[in-house]
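Spelled out, the chains give:
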Amino acid sequence: MNVTGVDFITVPTRDFEKASEFYGTVLGLPCSARWGNMPAAEFETGTLTIAVMQSDAFGIEFERHSHPIALHVDDVARARAELEANGVEFPADTIDSGVCHMAHFADPDGNALMFHNRYAPRSN
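Residues numbered from 1 in each chain as written. Predicted model: local features only at pLDDT ≥ 70, side-chain atom pairs only at ≥ 80, totals over all residues. Heavy atoms only, no water.

Points about the side chain of Arg80
Inference 1: In this structure, Arg80 sits in helix H2 (residues 76-85).
Inference 2: Arg80 gets classed as buried once you look at its relative accessible area, which sits at 12%.
Inference 3: Looking at Arg80, its side chain comes within polar contact range of the main-chain oxygen of Ala92, at 3.0 Å.
Inference 4: When neighbours within four sequence positions are excluded, Arg80 is seen to be in contact with Phe90, Ala92, Asp93, Thr94, Ala103 and Phe115. (Helix = DSSP H or I, 4+ residues; strand = E, 2+ residues; numbered from the N terminus. Buried < 20%, exposed > 50% of the residue type's maximum accessible area, 1.4 Å probe, protein only. Polar contact = N/O pair within 3.5 Å; in protein donor to acceptor, adjacent residues only side chain to side chain. Contact = heavy atoms within 4.5 Å.)

Here it is as C-alpha coordinates:
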(Lines give C-alpha, C1' and ligand atoms only; values in the text may rest on other atoms or scores of the structure.)
Protein backbone atom coordinates (compact mmCIF):
# COMPACT_ATOMS: atom_id res chain seq x y z
CA MET A 1 0.00 0.00 0.00
CA ASN A 2 1.23 3.46 -0.85
CA VAL A 3 -1.17 6.23 0.23
CA THR A 4 -0.03 9.37 -1.56
CA GLY A 5 -2.66 11.91 -0.53
CA VAL A 6 -6.29 12.66 0.21
CA ASP A 7 -8.57 13.02 -2.82
CA PHE A 8 -11.49 14.57 -0.92
CA ILE A 9 -13.36 14.67 2.37
CA THR A 10 -17.11 14.01 2.36
CA VAL A 11 -19.47 16.30 4.24
CA PRO A 12 -22.97 14.89 4.76
CA THR A 13 -26.14 16.89 4.19
CA ARG A 14 -29.88 16.40 4.47
CA ASP A 15 -30.58 19.14 1.90
CA PHE A 16 -28.17 19.19 -1.03
CA GLU A 17 -29.47 22.43 -2.55
CA LYS A 18 -29.17 24.31 0.75
CA ALA A 19 -25.69 22.88 1.38
CA SER A 20 -24.56 23.74 -2.16
CA GLU A 21 -25.72 27.32 -1.66
CA PHE A 22 -23.75 27.51 1.61
CA TYR A 23 -20.48 26.05 0.32
CA GLY A 24 -20.67 27.66 -3.12
CA THR A 25 -22.17 31.08 -2.40
CA VAL A 26 -21.77 31.84 1.31
CA LEU A 27 -18.24 30.41 1.59
CA GLY A 28 -17.45 31.21 -2.04
CA LEU A 29 -15.88 27.84 -2.84
CA PRO A 30 -15.80 26.96 -6.56
CA CYS A 31 -17.80 23.88 -7.53
CA SER A 32 -15.50 21.66 -9.59
CA ALA A 33 -17.73 18.63 -10.21
CA ARG A 34 -21.26 17.29 -9.88
CA TRP A 35 -21.82 13.59 -9.32
CA GLY A 36 -24.06 13.05 -12.34
CA ASN A 37 -27.72 13.28 -11.36
CA MET A 38 -27.00 12.41 -7.73
CA PRO A 39 -27.28 15.11 -5.05
CA ALA A 40 -23.55 15.56 -4.54
CA ALA A 41 -20.89 18.01 -5.69
CA GLU A 42 -17.26 18.84 -5.04
CA PHE A 43 -16.08 22.25 -3.81
CA GLU A 44 -12.47 23.38 -3.93
CA THR A 45 -10.59 25.05 -1.05
CA GLY A 46 -7.23 25.24 -2.79
CA THR A 47 -5.71 22.40 -0.78
CA LEU A 48 -8.60 19.98 -0.18
CA THR A 49 -11.76 19.08 -2.07
CA ILE A 50 -14.94 19.05 0.02
CA ALA A 51 -17.53 16.66 -1.43
CA VAL A 52 -21.00 17.62 -0.20
CA MET A 53 -23.26 14.57 -0.39
CA GLN A 54 -26.93 14.12 0.51
CA SER A 55 -26.67 11.06 2.71
CA ASP A 56 -30.07 9.44 2.17
CA ALA A 57 -29.65 9.43 -1.64
CA PHE A 58 -26.67 7.11 -1.13
CA GLY A 59 -28.39 4.87 1.43
CA ILE A 60 -26.43 6.32 4.33
CA GLU A 61 -27.94 7.62 7.56
CA PHE A 62 -27.16 11.31 8.06
CA GLU A 63 -24.73 12.07 10.89
CA ARG A 64 -23.19 15.51 11.15
CA HIS A 65 -19.45 15.99 11.63
CA SER A 66 -18.84 17.18 15.19
CA HIS A 67 -15.10 17.89 14.79
CA PRO A 68 -14.33 20.89 12.60
CA ILE A 69 -12.76 21.10 9.20
CA ALA A 70 -10.24 23.94 9.57
CA LEU A 71 -10.57 26.31 6.62
CA HIS A 72 -7.47 28.47 6.19
CA VAL A 73 -8.11 32.21 5.80
CA ASP A 74 -5.66 35.11 5.82
CA ASP A 75 -7.71 37.09 8.36
CA VAL A 76 -10.00 35.19 10.75
CA ALA A 77 -11.71 38.35 12.08
CA ARG A 78 -12.53 39.60 8.58
CA ALA A 79 -13.78 36.18 7.39
CA ARG A 80 -15.89 35.83 10.53
CA ALA A 81 -17.42 39.29 10.07
CA GLU A 82 -18.29 38.44 6.46
CA LEU A 83 -20.11 35.25 7.48
CA GLU A 84 -21.85 36.96 10.39
CA ALA A 85 -23.12 39.59 7.92
CA ASN A 86 -24.63 36.66 5.97
CA GLY A 87 -26.42 35.36 9.07
CA VAL A 88 -23.98 32.62 10.09
CA GLU A 89 -23.71 32.32 13.86
CA PHE A 90 -20.50 31.66 15.77
CA PRO A 91 -21.13 29.96 19.14
CA ALA A 92 -18.10 31.48 20.90
CA ASP A 93 -15.47 34.18 20.65
CA THR A 94 -12.51 33.75 18.32
CA ILE A 95 -9.77 31.75 20.01
CA ASP A 96 -6.16 32.96 20.11
CA SER A 97 -4.12 29.86 20.99
CA GLY A 98 -0.83 31.74 21.10
CA VAL A 99 0.12 30.46 17.63
CA CYS A 100 -3.14 30.71 15.67
CA HIS A 101 -6.61 32.23 15.53
CA MET A 102 -9.68 29.97 15.29
CA ALA A 103 -13.35 30.82 14.89
CA HIS A 104 -15.84 27.92 15.05
CA PHE A 105 -19.13 27.81 13.15
CA ALA A 106 -21.32 25.24 11.38
CA ASP A 107 -22.93 24.68 8.00
CA PRO A 108 -26.74 24.51 7.71
CA ASP A 109 -26.71 20.81 8.70
CA GLY A 110 -24.63 21.45 11.83
CA ASN A 111 -21.36 20.11 10.41
CA ALA A 112 -18.52 21.70 12.38
CA LEU A 113 -16.24 24.12 10.54
CA MET A 114 -13.73 26.72 11.62
CA PHE A 115 -11.76 29.55 10.16
CA HIS A 116 -8.08 29.12 10.99
CA ASN A 117 -4.92 31.15 10.58
CA ARG A 118 -1.53 30.25 12.03
CA TYR A 119 0.39 33.44 12.71
CA ALA A 120 3.43 31.98 14.51
CA PRO A 121 5.99 29.72 12.85
CA ARG A 122 5.91 26.02 13.62
CA SER A 123 8.58 24.85 16.03
CA ASN A 124 10.25 21.56 15.20
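Description of H2
Inference 1: All of the buried residues along H2 are Val76, Ala79, Arg80 and Leu83. On an axial view of H2, the arc spanned by its buried residues comes to 100°, and they lie on one face. Exposed side of H2, more than 90 degrees from the buried face: Ala77, Arg78, Glu82 and Ala85 are the residues found there.
Inference 2: The secondary structure elements touched by the buried residues of H2 are helix H1 (16-26), strand S7 (100-106) and strand S8 (112-118). (Arc of directions from axis to C-beta.)

With respect to the pairing of S8
Side chains on a regular strand alternate between the two faces of the sheet.
Inference 1: Burial analysis of S8 places five of its seven residues in the buried class, the great majority of the element.
Inference 2: Relative to S8, strand S5 (residues 69-72) runs parallel, the two being bridged by four bridges. Residue pairing for S8: Ile69 is matched across the bridge by Leu113.
Inference 3: Bridge count for S7 against S8 is seven bridges, and the pairing is antiparallel. Bridge pairing in S8 places Ala106 opposite Ala112.
Inference 4: As consecutive antiparallel partners, S7 and S8 are separated by five residues, and within that stretch Gly110 has a phi angle of approximately 90°, a positive value. (Pairing = 2+ DSSP bridges.)

Comments concerning the packing of aromatic side chains
Inference 1: A complete count under the given rule lists seven aromatic pairs for this structure.
Inference 2: On the numbers, 5.3 Å between centres and 85° between planes, the contact of Phe22 with Tyr23 is edge-to-face. In terms of burial, Phe22 and Tyr23 fall into one category: buried.
Inference 3: With a centroid separation of 5.8 Å and an interplanar angle of 90°, the aromatic rings of Trp35 and Phe58 are classed as edge-to-face. Note that Trp35 is positioned in the loop between strand S2 (31-34) and strand S3 (40-44) and Phe58 in the loop between strand S4 (49-54) and S5, a separation of 23 residues in sequence. (Phe/Tyr/Trp six-rings, centres within 6.5 Å; stacked < 30°, edge-to-face > 60°.)

Details of the sheet that holds strand S6 (residues 95-96)
Inference 1: If you walk across this open sheet you meet the four strands as S5-S8-S7-S6, and the pairing is mixed. With partners counted over all chains shown, the strands left at the sheet margins are S5 and S6, one partner each.
Inference 2: Docked against the sheet, H2 engages S7 and S8, running at close to 150° with respect to S8. (Axes fitted to C-alpha atoms, helices over the stretch in contact; angles between N-to-C directions.)

With respect to the environment of Ser20
Inference 1: With respect to the element layout, Ser20 can be found in helix H1.
Inference 2: You can call Ser20 buried: its relative accessible area is 16%.
Inference 3: Spatially, the C-alpha atoms of Ser20 and Met53 are 9.4 Å apart, while their sequence positions differ by 33 residues.
Inference 4: For Ser20, the residues in contact, after removing those within four places along its chain, are Thr25 and Phe43.

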